[in-house]
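# Observations on chain architecture
Given next are the chains, with one letter for each unit.
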Amino acid sequence: MDRQFWHVHAMKRAAVLVGCTALVLAATGTGAQAGSRDLGREVLAAGDGWASEGAGTTGGSAADAEHIYTVTTWEEFKAALKDGGDAPKIIKIKGMIDAVSRGCEAFEAEGYDFQQYLADYDPAVWGHDTPVSGEQETLRDASSKNQERAIKADVPSNTTIVGVGKDSGILGGSLQIRGVDNVILRNLTIEAPIDCFPQWDPTDDNKTGAWNSEYDGVVVYGSTHVWVDHNTLTDGRYPDSSLPSYFGKVYQQHDGLLDIVRGANHVTVSWNSFEDHDKTMLIGNSDSAAATDSGKLKVTLHHNRFEGIVERAPRVRFGQVDSYNNHFVVTKEQKFGYVFGIGISSQLYATHNAFTLAPGVSVGQTLKKWKESPLTAENNYVNGRPTDLIAVHNAEFPGEILQSGAGWTPTLRAQVHPPQSIPWLVDHRAGAGRVC
């Protein structure tokens with residue numbers, strides 16, 4: 001089915017507006033019109049995904065006047081995060097604030113020379129048997145630590161961060177939600193941070209070497225009750241296609257967009273747009289993390305749009321992950337690996353999603369098996385047609401058979417829309433500037 005027809009066929013505008021009105025009422029608990037709303041005071045509705053479990057997620061909605069901030073620079077933003085400790089706070093970001101406005105050169109350790117780095121660690125000189133070491137690697141590491149201190153921003157408990165209007169957010173910063181509870185991020189455009197100093201690892205990729213980068217756009221690390229809603233996360237001005245190559249490998253300067261790791265729990269990710277990125281989302285970052293991750297990493301993903309992503313939408317380890325009413329778009333031009341990565345002890349429940357795949361894109365490739373972990377994948381639509389993703393995957397990849405049956409059934413779900421309606425609904429409502 002033609003994509004344009006699939007969108008038009010999906011649903012009529014009136015039905016979309018009804019769904020939007022329902023979302024407003026759920027989010028606010030009132031009949032207030034969008035124009036009079038204060039996003040900073042809004043809380044996650046009861047029953048809206050894993051982040052609504054228990055006491056729910058209220059962020060900084062209870063902040064007093066002294067703990068409401070409007071910031072226009074990265075420095076003001078970091079100061080607001082620190083002020084008042086864990087007291088409820090609302091931080092409103094106005095405009096696009098830049099964590100690397102001075103450029104990468106501002107982070108360089110004295111004596112670091114990238115051209116010398118390339119000369120010293122050229123595989124023709126260094127080989128592929130041992131990791132790099134020596135003066136330039138030491139200086140690269142020092143430069144990297146300078147950047148890390150500058151661009152990472154620690155988000156405290158009981159905090160709401162919202163963008164003002166349609167074009168507000170963060171360029172090149174990394175939001176660290178680490179070891180805290182009760183955080184809300186809404187209406188932000190987040191451009192993935194660029195790693196100014198990737199490390200060359202000659203032993204990586206079967207000893208052909210690779211450039212490895214740091215810094216995710218948002219990290220939820222060991223934290224609980226986090227709501228990430230109506231944001232746009234993207235490579236923005238620096239798509240992978242713009243990155244140079246050295247030693248025959250792309251000089252990779254991006255890591256993840258949104259990673260949920262190390263015992264994080266009770267997270268709802270709703271109505272976001274994930275765009276033009278490779279390693280999009282990890283839920284669980286290591287097979288060896290059972291001690292922290294088993295019984296946790298409970299995450300709900302609903303009404304999100306993924307376009308131009310290569311992989312990890314998400315890749316799951318350990319967690320009970322509920323994915324419904326999301327729209328995954330794979331274009332003809334893009335590189336594509338997979339959508340759902342099935343990892344160790346994962347329990348993915350993926351239903352009522354829509355996939356728009358360009359001609360020639362493998363339907364079976366929407367799933368990728370890393371470890372033996374049964375999943376539930378029912379009532380998903382591909383290009384407007386109901387499709388058994390597991391059956392198609394197993395037919396296309398008989399050496400990578402997936403088993404059906406995640407072993408649990410989600411109960412914390414907001415309104416579930418018919419998958420036929422998802423392309424139109426999500427494409428017009430997901431992302432920053434579209435809180436309805």
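Residue positions are given per chain, counting from 1 as you read along its sequence in written order. In keeping with the model being predicted, local features are shown solely for residues with a pLDDT of at least 70 and side-chain atom pairs are shown and tallied solely at 80 or more, while totals for entire chains, interfaces and linings include all residues. Excluded from the side-chain calculations are hydrogens and water; all other atoms, namely the structure's heavy atoms, are used.

### Description of the environment of Gly-56
Defined as follows: Helix and strand definitions here come from DSSP, where helices need a minimum of 4 consecutive H or I residues and strands a minimum of 2 consecutive E residues; each element is numbered from the N-terminal end. Contacts are residue-level and defined by heavy atoms, with any inter-residue pair within 4.5 Å sufficient.
When you line up the elements, Gly-56 lands in the loop between helix 2 (13–28) and strand 1 (68–71). Residues Gly-56 and Ala-291, spaced 235 residues apart in sequence, show a C-alpha to C-alpha distance of 25 Å. Beyond its immediate chain neighbours, meaning those up to four positions away, Gly-56 contacts Ala-51, Asn-182 and His-225.

### A word on the packing of helix 4 (residues 114–121) against helix 6 (residues 135–151)
Heads up, the condition is: Angular values range over 0 to 180 degrees, each being the angle between N-to-C directions of two axes fitted as lines to C-alpha atoms, with helices fitted over their stretch in contact. Any angle that falls under 35 degrees is termed roughly parallel, while one over 145 is termed roughly antiparallel, one within 65 to 115 roughly perpendicular, and all others oblique. Each crossing gets its handedness from the near helix: less than a right angle anticlockwise from the far helix is left-handed, clockwise is right-handed.
Following both chains from N to C, one finds helix 4 and helix 6 inclined at 135°, their axes separated by 9 Å at the closest point. With respect to their mutual orientation, helix 4 and helix 6 come out oblique. Handedness of the crossing formed by helix 4 with helix 6: left-handed. Along the contact surface, helix 4 presents Gln-116, Tyr-117, Asp-120 and Tyr-121, while helix 6 presents Glu-135, Gln-136, Glu-137 and Arg-140.

### Structural notes on the UniProt feature "domain: Pectate lyase" (unreviewed entry) in the protein chain
To keep it simple, the criterion reads: UniProt positions are given in the numbering used here, feature names are shortened, and annotations may be inferred rather than shown by experiment.
Feature annotation in UniProt assigns "domain: Pectate lyase" (unreviewed entry) to the following positions: residues 108–361. Helix makes up 15% of residues 108–361 and strand 40%, and the two end C-alpha atoms of the span are 43 Å apart.

### Quick look at the sheet that holds strand 24 (residues 320–324)
Short version of the rule: The pairing criterion for strands is at least two bridges between them, as found by DSSP.
Strand order in the open sheet made by the 10 strands is 1-2-5-8-13-18-21-24-27-30, with parallel pairing throughout. The open sheet has two free edges, formed respectively by strand 1 and strand 30 (376–378), since each of these has just one partner strand. Pairwise comparison of adjacent strand axes, ignoring direction, gives a mean angle of 10° for this sheet. Here five bridges tie strand 8 (residues 181–186) to strand 13 (residues 224–229), and the two strands are oriented parallel to one another. Bridging from a neighbouring strand, Val-183 pairs with Val-226 of strand 13. The strands touched by helix 3 (residues 74–82) are strand 1, strand 2 (89–93) and strand 5 (159–163); relative to strand 2, the strand with the most contacts, the crossing angle is about 175°.

### Things to note about the state of the cysteines
The line we're drawing: A pair of cysteine sulfur atoms is labelled a disulfide when the two atoms are within 2.5 Å. Type-normalised accessible area, obtained with a 1.4 Å probe on protein chains alone, sets the label of each residue: buried when under 20%, exposed when over 50%, and partly exposed for intermediate values.
All chains considered together, the criterion is met by one disulfide. Here Cys-104 is linked by a disulfide to Cys-196, with a sulfur-sulfur distance of 2.0 Å. Measuring the twist about the S-S bond at about -70°, one finds the Cys-104-Cys-196 disulfide to be left-handed. With Cys-104 in the loop between strand 3 (96–98) and helix 4 and Cys-196 in the loop between strand 9 (189–191) and strand 10 (199–201), the pair connects residues that are 92 residues apart, well separated along the chain. Residue classification places Cys-104 among the partly exposed residues on the basis of a relative accessible area of 29%. When its relative accessible area of 9% is taken as the criterion, Cys-196 is described as buried.

### What to know about the sheet that holds strand 19 (residues 273–279)
Strand order across the open sheet formed by 10 strands is 3-6-9-14-19-22-25-28-31-32, with mixed pairing between neighbours. Only two strands of the sheet have a single neighbouring strand rather than two, namely strand 3 and strand 32 (385–387). Here the strands of the sheet are splayed against their neighbours by 25° on average, with no regard to which way each runs. The sheet contact formed by strand 6 (residues 169–171) and strand 9 spans three bridges and is parallel. Bridge assignment links Gly-169 to a residue of strand 9, and that residue is Thr-189. In this fold helix 10 (residues 422–429) packs onto strand 22 (305–311), strand 25 (327–330) and strand 28 (354–357), with an angle of close to 90° to the strand it touches most, strand 25.

### Here's the deal with the side chain of Ser-213
As a reminder of what qualifies: In protein, a polar contact means a hydrogen-donor-capable atom and an acceptor-capable atom, both N or O and within 3.5 Å, with residues adjacent in sequence counting only if both atoms are side-chain atoms; elsewhere, any N or O pair within 3.5 Å suffices.
Within the secondary structure, Ser-213 sits in the loop between strand 11 (210–212) and strand 12 (218–221). There is a polar contact of 2.6 Å between the side chain of Ser-213 and the backbone oxygen of His-254. Setting aside residues up to four positions removed in sequence, Ser-213 forms contacts with Asp-195, Gln-252, Gln-253, His-254 and Asp-255.

### What to know about unusual backbone geometry
Here the residue pair Ala-313 and Pro-314 is connected by a cis peptide bond, since its omega of 0° sits within 30 degrees of zero. With respect to the helices and strands, Pro-314 occurs in the loop between strand 22 and strand 23 (315–316).

### A short note on the pattern of salt bridges
For side chains of opposite charge, pairing can occur when their charged atoms come near one another. We apply this condition: By convention in these notes, a salt bridge is any Lys or Arg side-chain nitrogen within 4 Å of a carboxyl oxygen on Asp or Glu.
This model, assessed by the stated rule, comprises 18 salt bridges. Between Lys-249 and Asp-205 there is a salt bridge, with the nearest N and O atoms lying 3.0 Å from each other. Taken as a pair, Lys-249 in strand 16 (residues 249–250) and Asp-205 in helix 7 (residues 204–207) lie far apart in primary sequence, 44 residues in all. Asp-205 gets classed as partly exposed once you look at its relative accessible area, which sits at 41%. A salt bridge links Glu-307 to Arg-305; the nearest nitrogen and oxygen atoms lie 2.4 Å apart. According to the relative accessible area criterion, Arg-305 is buried, its value standing at 11%.

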